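# Structural overview for review
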Amino acid sequence: MKLLLAALLALGVGTAQDTSPADGVAAGPVTRWTVKVEREDGEVFVTVRADQDPLLDVLREIAAQAELTIDGADSSWRRTLVSADLRRRPLRQVLAFLLGSVGLRGEVRQGALHLRESMELAEGVDSLREAAMASYLRVLRDFPEHPLADDAVHSQALIEEQRERYAAARANYESLIERVPQSMFKSGTLLMREGAWQDAAQRLSDLLRLEREHDYEPRARLELAFCVAELGNFERALYMVDALESIEEAADVDDERRRAHVRIKALAGLGQGREALALLDEVDRRLGFATTKRESLALRASASESAGLRDEAARAWLSYGRLADGAERANAYSHAARLALDSGDELAALFVAQLAKREGVELPDLTREARQRLALDEAELASATTVQR
């Protein structure tokens, strides 16, 4: 909320014309606030100039000239001071600037100016975010060319990320790509979240090709290597993480874990599963891998499978599937059932398929193959007890 208020305050300063003397106000030092209200085509315009003057006095003068009553004013606001230099702005813009600069909100309805403290208009984090988005939209509509307009769009993107509306967040970031390198990096990482590895790799590559300097090169190189590994180009991914480590040390523990993740994934993909498992065990022991167990299980499953340890891989995929969701869950259960079949354990494959079904994942082909190997038909399976199944 502080970020929002700061942005609104800055955006409310407006264009260069706001710093010129208001109509009817002499140039030079201003010793007292001045208010002038005009009407044109049914719209109310306000010119106000104040320099550390009492907010309540300024609001009362605006209300008097606009023929409005004031509702919700607190006498303590007389000690709240505001500064403004606004020239012939719509009333709602002037109110947004004056009130927003001190953490208040106001609206005009039924001939009255209703004042509130900002927190009273929103209950809970979601409502606050919704109010912040609406405010940013208003100021961007009113001041689209303001030097701080990009900051407002960036704040919108951050709010959308917090609301887990990743496509909307990415759209905001991409609108800034030509001017803000950080937005290109954020767009790439959001594409990674969506599993769009090729598009994410392209976005990060574009960032690394920029001629101007920026602070995102090491992180962009690492995330690009991650994408390359996910796309199955394991040799290139391993080369990229080796090159990164030769020119720059890991910035922190999280960076070191991320590099290890790419290396383990690449080693497993290149058939060096035992080396991958050794590195995973070392990282688990020394750093505590990742922020959740999911990442470690997925890597262990891939590395065990690469090392030919089918039973261990099947167990890891099964455990990972119970923690994952969506396509990742279906892929994990499918891997576990396939490994069980490849190991000659049809009953284990059917067990995995039944567990997957309870989790909303259907594995019809693997289930059919397991039943055929066991010479089970549908009637036999239906009549079997739970233990038999």
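Shown above is the structure to which this text applies.
### Re the sheet that holds strand β4 (residues 81-90)
The strand order across the open sheet formed by three strands is β1-β2-β4, and the pairing between neighbours is antiparallel. With one partner strand each, in any of the chains shown, β1 (34-40) and β4 form the two edges of the open sheet. With strand direction ignored, the average angle separating the axes of adjacent strands in the sheet is 15°. Note that β1 and strand β2 (residues 43-54) share seven bridges and pair antiparallel. In the strand pairing of β2, V35 is matched with V48. Lying over the sheet, helix α2 (residues 55-65) contacts β1, β2 and β4, oriented at roughly 30° with respect to β1. Across the sheet, helix α3 (residues 91-100) lies against β2 and β4, angled at about 165° from β4, the strand it touches most.

### Focus on the sheet that holds strand β3 (residues 69-71)
Pairing between the strands of a sheet is mediated by backbone hydrogen bonds and can be parallel or antiparallel. The three strands are arranged β3-β6-β5 in an open sheet whose pairing can be described as mixed. Two strands bound the open sheet, and with one partner strand each, they are β3 and β5 (104-109). Strand-to-strand twist in this sheet, taken as the mean axis angle between neighbours without regard to direction, amounts to 25°. By the bridge criterion, six bridges tie β5 to strand β6 (residues 112-117) in an arrangement that is antiparallel. By the bridge assignment for β6, G106 is matched with L115. In the packing of α3 onto the sheet, the strands contacted are β5 and β6, and the crossing angle to β5 comes to about 155°.

### A closer look at the layout of surface pockets
In this structure, the largest pocket encloses a volume near 1500 Å³. Residue lining of the largest pocket: 42 residues in total, with M192, F226, R258, H261 and E295 positioned closest to the centre. Of all the secondary-structure elements, those providing two or more residues to the lining of the largest pocket are α7 (181-193), α9 (217-230), α11 (253-269), α13 (293-306), α14 (310-323) and α15 (326-342). Ranked by residues supplied to the lining of the largest pocket, first place goes to α11 with seven residues. Each residue belonging to the lining of the largest pocket can be placed in one class, and the counts come to 14 nonpolar, seven polar and 21 charged.

### Some words on the pairing of β6
Relative to β6, β3 is paired through three bridges, and the arrangement is parallel. Residue pairing for β6: I70 is matched across the bridge by L113. From the end of β5 to the start of β6, which pair antiparallel, there are two residues, and Q110 there has a positive phi angle of about 50°.

### Section: the side chain of R259
Here R259 is to be found in helix α11. Non-local contacts of R259, meaning those with residues more than four positions away in its chain, are made with L222, V241, L244, E245, E248, E249 and A250.

### Description of the packing of helix α6 (residues 166-174) against α7
Working note: a packed helix pair is described by the angle between its axes plus the distance between those axes. Where α6 contacts α7, the axes come no closer than 8 Å and their chain directions differ by 155°. Here α7 runs roughly antiparallel to α6, going by the angle between their axes. As for the relative orientation of α6 and α7, their crossing is left-handed in sense. Side by side, α6 and α7 meet where Y166, A169, R170, Y173 and E174 of the first sit next to S183, K186, S187, L190, L191 and R193 of the second. When its residues are assigned to classes, the contact of α6 with α7 shows five nonpolar, two polar and four charged.

### Things to note about α14
For α14, which comprises 14 residues, the first-to-last C-alpha distance of 20 Å matches the rise-based estimate of 20 Å (1.5 Å per residue) to within 8%. Taken together, the buried positions of α14 are occupied by A313, A314, A316, W317, L318, Y320 and G321. Buried-residue contacts for α14 involve α13, α15 and α16 (346-358).

About the cut-offs
- Residues numbered from 1 in each chain as written.
- Predicted model: local features only at pLDDT ≥ 70, side-chain atom pairs only at ≥ 80, totals over all residues.
- Heavy atoms only, no water.
- Pairing = 2+ DSSP bridges.
- Helix = DSSP H or I, 4+ residues; strand = E, 2+ residues; numbered from the N terminus.
- Axes fitted to C-alpha atoms, helices over the stretch in contact; angles between N-to-C directions.
- Contact = heavy atoms within 4.5 Å.
- 1 Å grid on protein atoms, 1.4 Å probe; cavity = no way out; pocket = protein on both sides within 12 Å on 5 of 7 lines; lining within 4 Å.
- Points joined across faces, edges and corners; volume = space filled by probe spheres on them.
- Nonpolar A, V, L, I, M, F, W, Y, C, P; charged D, E, K, R; others polar.
- Parallel < 35°, antiparallel > 145°, perpendicular 65-115°, else oblique.
- Left-handed = near helix turned anticlockwise from the far one by under 90°.
- Expected span 1.5 Å × (residues − 1).
- Buried < 20%, exposed > 50% of the residue type's maximum accessible area, 1.4 Å probe, protein only.

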